[in-house]
Amino acid sequence: MKDSKSFLESQKKEIIELQRLLTSIPAIAPEGGGEGETKKADALEKWLKENGFENIQRFEAPDSRVPSGSRPSLLVTIPGQIPEDQDNARIWVMSHIDVVPTGDLSLWNTDPWKMEEKDGKLFGRGVEDNQQGLCSSIFAVLYFIKNNIKPAHTIKLLFVADEENGSSYGIIYLMKNFNLFKKSDVILIPDGGDSEGKTIEIAEKNLLWLCVHVLGKQTHGSRPDSGANACLAACDLSLKLNGLEKVFNKTDDLFEPNYSTFQPTKRAKNVDSVNIIPGEDTFYMDCRILPCYKLEDVLKKVDELCKEVEKNHGVKIEYSTPQKSESPATSKDAPVAQKLAKALKEVHGIDAKFIGIGGGTVGAELRREGIDAVVWSTLDDQAHQPNEYCIVDNLIKDAQTLIQMFATLD
């Protein structure tokens, strides 16, 4: 669309002000000490209605932990020229409303909840993750509304809750309770990418978090023979679990790193004094496993190692899986992958590169149900960092790409 860039440039002030509005309303999950997404969803819905968006649905996932009692997601629909009963008639852009906490405020150069603009960058919590994708999709649609143009494809903008904490109150809730998606849908998630906008994520490593609790027998530091050192057993087990990288050792160059990782991370406090041998110890593992392996096979090996350590150290081991996710890849030849790659080439002259990632996105939930989805954006990967920023030109560039996708007849 030849005039899309000039339209978006004319909307730069409005883009910045929408970012400012959204940044000013923290949307943090109760796990992070927040009140959820209600106030931010209210403000976004009001803005959409004031700017000509008409078909807006709101879905409330019950959650007694937040003041409003629920976690909202919004869906905006713009009818297209292609009948919806045809394959690939609908293009979804799925972004998330929630943000992570600020972390150590001393590391911020600005107030994270008062967006500041400097040298073409917007600074504040959430401006990139995921308000850049949210705003680029909104202003791409606004191009059609303001110019009274009917897009080729029906457009579905979905703004979900709870992406940062597992999606139980977001996309998982929606998929369990509402028949929103079809397997022929084209679904784009603007929640990851690179500074050139060339990488299209089509696969994720399987995700496995372990919380391992070791039960031994506490005793005096001078009498290890009279106890069972839970810390020592935990250390032994964490090293053995890390060694699974050599057991599940296939490689796949779609990913970086190209192998499965089993890393010990968080450790809970055990005893208060150096001269106490701990009777309990808790540690965590973050495992990112190539999709060629099934998590059930990995967990069988974990069970074997736990039994081995129990026998060697005279302890009892139990574990839970705070997060566990596996999904197939989206094919490079899937319509969504090819349509996005074509738009990048036509609008920006970019030759797309298909990749896999070790992180997790809502795309995994869709792929598990046989629905193709890709993750893409043009960004500097500022997610969860202090002094998070969004480059305004990247947002406009991404909106141009979306306009091309929405307007092109297949």
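The rules behind each value
- Residues numbered from 1 in each chain as written.
- Predicted model: local features only at pLDDT ≥ 70, side-chain atom pairs only at ≥ 80, totals over all residues.
- Heavy atoms only, no water.
- Disulfide = S-S within 2.5 Å.
- Pairing = 2+ DSSP bridges.
- Helix = DSSP H or I, 4+ residues; strand = E, 2+ residues; numbered from the N terminus.
- Axes fitted to C-alpha atoms, helices over the stretch in contact; angles between N-to-C directions.
- Contact = heavy atoms within 4.5 Å.
- 1 Å grid on protein atoms, 1.4 Å probe; cavity = no way out; pocket = protein on both sides within 12 Å on 5 of 7 lines; lining within 4 Å.
- Points joined across faces, edges and corners; volume = space filled by probe spheres on them.
- Nonpolar A, V, L, I, M, F, W, Y, C, P; charged D, E, K, R; others polar.

Engineer: Pulling in residues and values, what's your account of the state of the cysteines?
Structural biologist: Under the counting rule described, the total for this entry stands at 0 disulfides. With no disulfide of its own, Cys 135 lies closest to Cys 390 among cysteine sulfurs, the gap being 7.7 Å. This cysteine, Cys 235, is not joined by any disulfide, and Cys 231 carries the nearest cysteine sulfur, 4.2 Å off.

Engineer: Provide a residue-level description of the sheet that holds strand S11 (residues 261–267), including the pertinent values.
Structural biologist: Strands belonging to one sheet form pairs held by backbone hydrogen bonds; the direction of such a pair is parallel or antiparallel. In spatial order, the strands read S11-S13-S9-S14; together these 4 strands make up an open sheet with antiparallel pairing. At either end of the open sheet lies a strand with only one pairing partner, and these are S11 and strand S14 (316–325). In this sheet, neighbouring strand axes are inclined to one another by 25 degrees on average, regardless of whether the strands run parallel or antiparallel. In the packing of helix H6 (residues 230–242) onto the sheet, contacts are made with strand S9 (206–215), S11, strand S13 (280–289) and S14, and the angle to S13 comes to roughly 10 degrees.

Engineer: Account for the layout of surface pockets, with residues named and values stated.
Structural biologist: Volume-wise, the second largest pocket comes out at about 230 Å³. Of all elements in the fold, only strand S2 (70–78) and helix H4 (131–146) reach the threshold of two or more residues within the lining of the second largest pocket. Of all the elements, S2 adds the most residues to the lining of the second largest pocket, at 3 residues. Of the residues assigned to the lining of the second largest pocket, the class counts are 8 nonpolar, 3 polar and 2 charged.

Engineer: For unusual backbone geometry, give the residues involved together with the corresponding values.
Structural biologist: The omega torsion of the bond from Asp 129 to Asn 130 falls at 15 degrees, within 30 degrees of zero and hence cis. Of note, Asn 130 is situated in the loop between strand S5 (121–123) and H4. For the peptide bond that leads from Glu 256 to Pro 257, omega is -5 degrees, which places it in the cis range. Its place among the elements puts Pro 257 in the loop between H6 and S11. Not every positive phi belongs to a glycine, and Asp 381 is a case in point at roughly 60 degrees. Inspection of the secondary structure assignment puts Asp 381 in the loop between strand S16 (373–375) and strand S17 (389–391). Its identity is not glycine, yet His 384 carries a phi of approximately 70 degrees, on the positive side. Inspection of the secondary structure assignment puts His 384 in the loop between S16 and S17.

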